[in-house]
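# Close look at the chain arrangement
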Amino acid sequence: MGLNETVSAERVQIGFFGMRNAGKSSLVNAVTGQELSVVSEVKGTTTDPVRKAMELLPLGPVVIIDTPGLDDEGALGEKRVQKARRVLAQVDAAVLVVDALAGLRAPDRELVARFKEEGTPYLIAYNKADALPERETLPGESLYVSARTGENVWTLKERLGALARRETAERHIVGDLLGPGQLVVMVTPIDRSAPKGRLILPQQMTLRDILDSGSMALVAKETELPETLARLSAPPDLVITDSQVFGKVAAILPPEVPLTSFSILLARYKGELMEQVRGAAALSRLKDGDRVLISEGCTHHRQCGDIGSEKIPAWIRAFSHSEPIFEVTSGGDFPEDLTPYRLVVHCGGCMLPEKELKRRVRAAAAADVPVVNYGVAIARMHGVLERSLALFPGARSLLTEQEE
């Protein structure tokens, strides 16, 4: 994908961190070539993470994130620091911006330790280097820069491009399961929750991957699926459906036609499918009063019939024959302590950076709380999970083990 085609969640995430007045925002502006962040001599000008999508050669599409100072003070300052730390858990690479006149201080060293602990590649940029009376030799992960004069800004960008380069192995949503000339039917409901004038991101990504594989795609609403199938001279090679209409689509399709969902494909794409299948088994073990966290990576206006706050809770009650207590979070809100919950039901995470989604899954595993995404949960509750995993023998075998 090019710059205008690559969504933020699929871009390499690069965070700029450091203490107040180290010049983070000035350096971010110099790197992006835009007045992205407000610059001031007053400490704490950056109060929330600021994001900018851009092209960073030789890396390609990235998101640059300017964060609040890690030495912010007071109750409000602590909240800003927490936001900066959450960004740290999401980024693929980091820049620690240090005031060259002051040198590394305790918060800076603590941050370097965090980078190493989380395995985050990093550089240390000693800003305001133009004001130094003399310079010392720096270790390999450090360099002198000046946001004011532009010194070494280009070098910083080049080193970031090399530092944050992702694995070059090509990944597919579904293209690796298809052969040239095969036909895929995509079932995409259009209801009040559907975005105006466009398909949701997993549908867009899947459609593009089908076309890139040399296969053909036919898109229809679930209400038009019977007529769509009747007009075909042969059954489709694969049907991919939105999770909300899994049950309806499974009832319409002949059993020999392969069926899966956008959510299941996205879970495989992000490397979390096996964990989601394990979590599906917990749905039948819920009891009255169990706390269930329903979490969505994006934020949107909730309407009547919303999948996260209404449909999934109703399906869980009917499937488990119990009355759990449901809590719903969205966007960047995700509890630090998951131990009170019996189950986490998460969206597909298409709008979350991959590292953040993996962090959430790891946090659930560390708290011994099962986690399952919308697509796998809905397939399980509608009795079609085994069929929807036929394309993935390993996951299907795991499901059989979990259900025994």
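Residues numbered from 1 in each chain as written. Predicted model: local features only at pLDDT ≥ 70, side-chain atom pairs only at ≥ 80, totals over all residues. Heavy atoms only, no water.

### A look at the pairing of strand E13 (residues 343-346)
The alternating pattern of E13 places Leu343 and Val345 and Val344 and His346 on opposite faces, both of which are buried. Summarising the sheet, strand E11 (residues 291-296) and E13 pair through four bridges and their orientation is parallel. Note that in E13 the partner of leucine 293 across the bridge is valine 344. With three bridges connecting them, E13 and strand E14 (residues 371-373) associate as parallel partners. Directly across from valine 344, in E14, lies its bridge partner valine 371. (Buried < 20%, exposed > 50% of the residue type's maximum accessible area, 1.4 Å probe, protein only. Helix = DSSP H or I, 4+ residues; strand = E, 2+ residues; numbered from the N terminus. Pairing = 2+ DSSP bridges.)

### Observations concerning the sheet that holds strand E9 (residues 238-241)
Strand order across the open sheet formed by four strands is E8-E7-E9-E10, with parallel pairing between neighbours. Every other strand in the sheet has two partners, leaving strand E8 (216-220) and strand E10 (259-261) as the edge strands with one partner each. Shown here is a sheet whose adjacent strand axes are inclined to one another by a mean of 25°, direction ignored. Relative to E9, strand E7 (residues 183-187) runs parallel, the two being bridged by four bridges. (Axes fitted to C-alpha atoms, helices over the stretch in contact; angles between N-to-C directions.)

### Here we look at helix H12 (residues 374-381)
Counting buried positions over the eight residues of H12 gives eight, a clear majority of the element. All of the buried residues in H12 are Tyr374, Gly375, Val376, Ala377, Ile378, Ala379, Arg380 and Met381. Glycine 383 sits one or two residues past H12 and shows a positive phi near 75°.

### Side note on the packing of aromatic side chains
Taken as a whole, this structure holds three aromatic pairs when the rule is applied. Following the ring pairs from residue to residue traces out a cluster consisting of Phe17, Phe115 and Tyr122. The positively charged end of arginine 291 is found above the aromatic ring belonging to tyrosine 341, 4.9 Å away from the centroid. (Phe/Tyr/Trp six-rings, centres within 6.5 Å; stacked < 30°, edge-to-face > 60°. Lys NZ or Arg CZ within 6 Å of the ring centre and 35° of its normal.)

### Thoughts on the pattern of salt bridges
Scanning the entire structure with this criterion turns up 15 salt bridges. Among the ionic pairs, glutamate 227 bridges to arginine 231, the shortest N-O distance being 3.0 Å. On the criterion of helical spacing, the pair formed by glutamate 227 and arginine 231 is a turn pair, its members being four residues apart in helix H6 (residues 225-231). Among the salt bridges present, the one from arginine 360 reaches glutamate 356, with a minimum N-O distance of 2.8 Å. Within this pair, arginine 360 and its partner glutamate 356 are both found in helix H11 (residues 354-366), separated by four residues, close to a single helical turn. Owing to a relative accessible area of 2%, arginine 360 belongs among the buried residues under this scheme. Classification of glutamate 356 as buried rests on a relative accessible area of 2%. Via salt bridges that share partners, Glu356, Arg359 and Arg360 belong to a single interconnected network. (Salt bridge = Lys/Arg side-chain N within 4 Å of Asp/Glu carboxyl O.)

### Side note on the sheet that holds E14
Hydrogen bonds between backbone atoms are what pair the strands of a sheet, whose relative direction is either parallel or antiparallel. Across the sheet, four strands lie side by side as E12-E11-E13-E14; this open sheet has parallel pairing. Sheet topology places strand E12 (325-330) and E14 at the edges, where each strand pairs with a single neighbour. The mean inter-strand angle of the sheet, taken between neighbouring strand axes irrespective of direction, is 20°. When E11 meets E12, the two strands line up parallel, connected through six bridges. Note that in E12 the partner of serine 295 across the bridge is threonine 329. The strands touched by H12 within the sheet are E11, E13 and E14, with E14 carrying the most contacts at an inclination of about 85°. (Contact = heavy atoms within 4.5 Å.)

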